[in-house]
Amino acid sequence: SLSTRNCPWKMNQLPPKSPVASPVSESTNSRVEPLDNLSMDSFWLEVENIKQSAEAEQEECSLADVKTQEEGEAEAEWLQDAGLSELLGDPASDKDNLVLLSTLTRTQAAAVQRRLDTYSRSRRRKNKHPVRDVRDIFGVVGSEDTAAEKEESSPDPLWHNLRTSNTQRKTQDYSCTVRNPGKEEVFNMDVAYSEQAAVLLKGSFLSESRNLKDGNALIRFKIPKGRLGVTRIGDLSAQDMKKIPTLALIELTALCDILGFELKRNKAAKLKTTEKRLFGVPLNTLLENDQKLLPNTKVPLLLQALLSCLEKRGLETEGILRVSGSQTRIKSLEQKLERDFYSGLFRWDEVHQNDVSGLLKRFIRELPAPLLTAEYLPAFAAVQNIPDLKQRLQALNLLILILPEPNRNTLKALLEFLSKVVARENNNKMNLWNVSTVMAPNLFMHKGLPNKIPEGKEKQLAEGAADVVRMMIHYQDLLWTVSSFLVAQVRKLNESNSKRYQFCDKRIKNLLRKIHADKDKVEKNQGEPSKIVKVHASLLLKDSLEVHLNNATRVADVLRQFQKNLCQNGWNIVNTVNLLKCNNSVECTNLLLYEVGGNIGEHCLDPDTYLLDLYHINPHAEWIIKQNPSHPRMF
């Protein structure tokens, strides 16, 4: 096989993998093969194609070397990215820290504390002004206590688990397991992943497990819908989604702490400027230019055009993505696109499908920063080292939430297309593993990250990268879900921001006690068995709908009631065109119910949300019916 050490674009260095076999995500067939039995030929062929393309253009490999960080520097960057930079020494912003920290779980708070301790020790060694300690603010312990002292003296079982699990992990058998192979497993999003992992450390991890090699059945995960429904990425307002990445970073760090994995991140490299308009242009710049032509564009127009062309004419082509087009033609097509794309003169119907797939991969590789970001590419790659598949998916879910919105939207568009390729496997001969091995080098190898790979690790790292791509393709619906515990933390942040005066008391005795007391608020507020509320549809109707809520009333019921009243009572419709089809009937699926205000910005509700439960959690919100933006208007 071809060694990536000879390739001008080095694969990002990954931590050593566990010697046991890696569990794989399910394919579209009913059989899952161990990685040892799956061919990596497509991967190495793609690496060779990338190498030849780069050599033909005599490209420079590196934008900037990743510098070794001094002690405390990584922790300082982490605290900044986690929204806790004020703890580094600015006492004027305690309120901001209190608002965020008061929403954290015990494992999340422990993750913050560990990084503050490390940073504080590094500052003391340099004889600089000591930073403010989180325990100064909450009065949990004295500010001079170190993490080690905390572990020695505290009866808190969480700190004990963190300490003992890290020492015991050297000998404990964390063999890769598939619990209940062939059956549907629950993917719990109500409880923080790190809290779930802490419970598993107490001994139940291997209680009902089987090794992957003992059975080749598919693993299917189902997110159980609680009474508040499921929230997808895109259901929350931009204002609330901005809070999610910092919370997800803290939770991911806490999860890695529990599992004993170090969360490594690269420093963002400075991007080189380019005179091009399409290839080699940062995603943000592409979208800014595209939005001048088409407002609200979420995915670059060029990528949309490439995917659309392949979907129309390439999905049935045998070896699509794997069979390389002509490098000379691809380079010529790139130049024509730079010249003619925005003018609409480019003739897509004259381009061969394999050349279009080459352009697609080239577009991804030519991005000045990796699509998975320079900062978090090591973390995406390191997911392969987590033995348990469910915990791998938990980490991937959090990483996707951390991604900047342009990267996340672009990645989703790509993964949706790749799923369509896999769905045509019988015709194009490209199964899930084939597609994953071809796309992995394009996502995980980048000229801006010229890290070297340890001798003899090429095959292991290549398989791991392909397996991560396979999980992202197959489990994308699950991965693009916002966990209920994160939505609950956003609500707490919003509530705290509106009542910040309550957090000014520096003598708060016990942060953790308050956090767990907050969790019980919902149950205590559920005294009302029924409630009458008004649902507005101001953009559609001049009237509002009065709804009687009981324990069984769901969003879907309200939308059906709205539809029925609209048709029977002849309400005064503001804009008939947007609602009515040709047969004068209202399509209920064309309507959505939003929760607006109170402790949330705007939240598109799951049809299975029980509204009385939601009312108890957010009694000050308005409920508004709107047209589904994904549905075209009926003319």
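Owing to the predicted nature of the structure, the values given are computational and were not obtained by experimental measurement.

This brings us to the overall build of the protein. A count of helices and strands for the protein gives 26 helices and 11 strands. Looking at the protein as a whole, 54% of its 635 residues qualify as buried. Across the protein, every contact between residues at least 6 apart in sequence was considered, and the portion connecting residues at least 24 apart equals 81%. Here the protein displays about 28,900 Å² of accessible surface, and carbon together with sulfur accounts for 48% of that area.

We now examine the packing of aromatic side chains. Two descriptors summarise a pair of aromatic rings, namely the distance from one centre to the other and the angle between the planes of the rings. On inspection of all chains with the given rule, the structure shows eight aromatic pairs. When the ring of Phe346 is compared with that of Trp348, the centres are 4.7 Å apart and the planes differ by 70°; the resulting orientation is edge-to-face. For the pair Phe346 and Trp348, a shared accessibility class is recorded, and that class is buried. Taken together, Phe187, Tyr193, Phe221, Tyr475 and Phe485 form an aromatic cluster joined through their ring pairs. Against the face of Trp480 rests Lys412, its NZ or CZ located 5.6 Å from the ring centre. One cation-aromatic arrangement involves Lys626 over Tyr594; the distance from NZ or CZ to the ring centre is 4.9 Å.

What follows concerns the packing of helix H17 (residues 405–423) against helix H19 (residues 432–444). Packing of H17 against H19 brings their axes to within 9 Å, and their N-to-C directions diverge by 150°. In terms of their interaxial angle, H17 and H19 are classed as roughly antiparallel. Viewed along their axes, H17 and H19 form a crossing whose handedness is right-handed. Contact with H17, carried on its side by Leu414, Leu418, Val421 and Val422, involves Leu432, Val435, Met439 and Leu443 of H19 and no other residues of that element. Of the residues belonging to the contact of H17 with H19, the class tally is eight nonpolar, no polar and no charged.

Attention now moves to unusual backbone geometry. Phi angles above zero are rare outside glycine, and Leu321 is one such case at about 80°. As for its position among the elements, Leu321 is in the loop between helix H12 (301–313) and helix H13 (327–340). In this structure Leu321 comes out as buried when scored by relative accessible area, which is 0%.

Here the protein shows a mean pLDDT of 75. Residues at 70 or above account for 65%. Contacts from residues 60–67, a stretch scored under 50 in pLDDT, to residues over four places away or in other chains number 19 contacts. In this model, residues 572–586 is a region of pLDDT below 50 whose contacts with residues beyond four sequence positions or in other chains number 34 contacts.

Here the focus is the pairing of strand E9 (residues 591–597). Of all seven residues in E9, six are buried; the element is thus mostly enclosed. Across six bridges, the pairing between E9 and strand E11 (residues 622–627) is antiparallel. For Tyr594, the partnering residue across the bridge sits in E11 and is Ile624. Sheet topology note: the E9/strand E10 (residues 600–604) ladder contains four bridges and is antiparallel. Among the inter-strand pairings, Gly597 is bridged to a residue of E10, identified as Ile600. Two successive antiparallel strands, E9 and E10, enclose a turn made up of two residues, where Gly598 displays a positive phi of approximately 75°.

What follows concerns helix H14 (residues 353–366). Counted at 1.5 Å a residue, the expected span for H14 with its 14 residues is 20 Å, and the 20 Å between its end C-alpha atoms agrees. Of all the 14 residues making up H14, 14 are buried; the element is thus mostly covered by neighbouring parts of the structure.

Among the nonpolar cores identified, the biggest contains 128 residues, and Leu321, Phe380 and Phe444 are the most heavily contacted of them. Here this core gets 10 residues from one element, more than from any other, and that element is helix H10 (residues 244–259). Non-local contacts of Leu321, meaning those with residues more than four positions away in its chain, are made with Glu46, Ser357, Leu360, Lys361, Phe417, Leu418, Val421, Met430, Val435, Val438 and Met439. Val535, Phe562, Leu591 and Tyr615 belong to the second-largest nonpolar core, a separate cluster that totals 21 residues.

Under the definition given, this model contains 27 salt bridges. Between Lys331 and Glu334 there is a salt bridge, with its nearest N and O atoms 3.9 Å apart. With Lys331 and Glu334 both in helix H13 and three residues apart, this pair spans about one turn of that helix. You can call Lys331 partly exposed: its relative accessible area is 26%.

Turning our eyes to something else, we now look at empty space enclosed by the protein. For the structure shown, the criterion picks out seven cavities of 30 Å³ or more. Its boundaries defined by the atoms lining it, the second largest cavity holds a volume of some 100 Å³. In this structure, the second largest cavity is lined by 15 residues; those nearest its centre are Ser324, Gln327, Gly358, Lys361 and Arg365. When contributions to the lining of the second largest cavity are tallied by element, the ones reaching two or more residues are helix H1 (41–57), H13 and H14. Ranked by residues supplied to the lining of the second largest cavity, first place goes to H14 with six residues. Partitioned by chemical class, the residues of the lining of the second largest cavity number three nonpolar, eight polar and four charged.

Before going further, it helps to examine the environment of Phe279. Structurally, Phe279 can be placed in the loop between H10 and helix H11 (283–293). The contacts of Phe279, once residues within four sequence positions are left out, are Leu302, Glu334, Leu337, Glu338, Leu359, Arg362 and Phe363.

Sheet topology places strand E7 (residues 531–536) next to strand E8 (residues 545–549); five bridges connect them, and they run antiparallel. Each residue of the ladder has a partner; that of Val533, found in E8, is Val547. Two elements, E7 and E11, share two bridges in a ladder whose sense is parallel. Residue pairing in the sheet places Val535 in a bridge with Trp623 of E11.

The rules behind these values
Residues numbered from 1 in each chain as written. Predicted model: local features only at pLDDT ≥ 70, side-chain atom pairs only at ≥ 80, totals over all residues. Heavy atoms only, no water. Helix = DSSP H or I, 4+ residues; strand = E, 2+ residues; numbered from the N terminus. Buried < 20%, exposed > 50% of the residue type's maximum accessible area, 1.4 Å probe, protein only. Contact = heavy atoms within 4.5 Å. Areas by Shrake-Rupley, 256 points an atom, 1.4 Å probe, with all protein chains shown as cover. Phe/Tyr/Trp six-rings, centres within 6.5 Å; stacked < 30°, edge-to-face > 60°. Lys NZ or Arg CZ within 6 Å of the ring centre and 35° of its normal. Axes fitted to C-alpha atoms, helices over the stretch in contact; angles between N-to-C directions. Parallel < 35°, antiparallel > 145°, perpendicular 65-115°, else oblique. Left-handed = near helix turned anticlockwise from the far one by under 90°. Nonpolar A, V, L, I, M, F, W, Y, C, P; charged D, E, K, R; others polar. pLDDT = per-residue confidence, 0-100. Pairing = 2+ DSSP bridges. Expected span 1.5 Å × (residues − 1). Core = buried A, V, L, I, M, F, W, Y, C linked by side-chain atoms within 4.5 Å. Salt bridge = Lys/Arg side-chain N within 4 Å of Asp/Glu carboxyl O. 1 Å grid on protein atoms, 1.4 Å probe; cavity = no way out; pocket = protein on both sides within 12 Å on 5 of 7 lines; lining within 4 Å. Points joined across faces, edges and corners; volume = space filled by probe spheres on them.

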